[in-house]
Amino acid sequence: MIFQLIYTCALANDVTCKDLESIAQTSRASNARKNITGILLCNEGSALQVLEGDRDTVLSLYQKIEADPRTSNPLVLIKRMTENREFPDWSMGYKRGGKTDAAFKLSMDTFSEAMPDTISPEVGTIGRTFARVSGLN
């Protein structure tokens, strides 16, 4: 069984795309060592993250995220045990919406490209809701 935590939060106004890319790169290395997988979706100052792994390890990481001054108003959407990882090959997938050609253009039409083919209905619904609420449609 795998523990899964899904949360959303606001990002501090001074967090740049470069900061997010640096966070994702650091997270990949750290998460791989801790056997944590997941995805981070960001758009217009909002983030949605799925973390998967050992329950205590994921909860410890989430406590650090809650205390990080680059985030505010974290809200846990789901804490659950699941039989399979949603992101088994991703130590931290990272996608951001944006208006530049350099950004992965995350929209309702391209949202499925950010998610694995075998996503659970719960994670798919939360992801689509995040995309809709954060103006990706």
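Residues numbered from 1 in each chain as written. Predicted model: local features only at pLDDT ≥ 70, side-chain atom pairs only at ≥ 80, totals over all residues. Heavy atoms only, no water.

A short note on helix 1 (residues 17-34)
With 18 residues, helix 1 extends 25 Å from end C-alpha to end C-alpha; this agrees with the ideal 26 Å at 1.5 Å per step. Residues of helix 1 that are buried: L20, A24, S30 and N31. (Helix = DSSP H or I, 4+ residues; strand = E, 2+ residues; numbered from the N terminus. Expected span 1.5 Å × (residues − 1). Buried < 20%, exposed > 50% of the residue type's maximum accessible area, 1.4 Å probe, protein only.)

Quick word on the side chain of T71
Within the fold, T71 resides in strand 4 (residues 71-82). Beyond its immediate sequence surroundings of up to four residues, T71 is in contact with C9, A10, L11, I65 and E66. (Contact = heavy atoms within 4.5 Å.)

Notes on the pattern of salt bridges
Within the structure shown, the criterion is met by three salt bridges. Residues R55 and D56 are paired through a salt bridge, measuring 4.0 Å at the closest nitrogen-oxygen approach. The class of R55 is partly exposed, set by a relative accessible area of 45%. Linking R80 and E86 is a salt bridge whose minimum nitrogen-to-oxygen distance equals 3.3 Å. Accessibility expressed as a relative area gives 19% for R80, which makes it buried. E86 sits in the buried class, given a relative accessible area of 5%. (Salt bridge = Lys/Arg side-chain N within 4 Å of Asp/Glu carboxyl O.)

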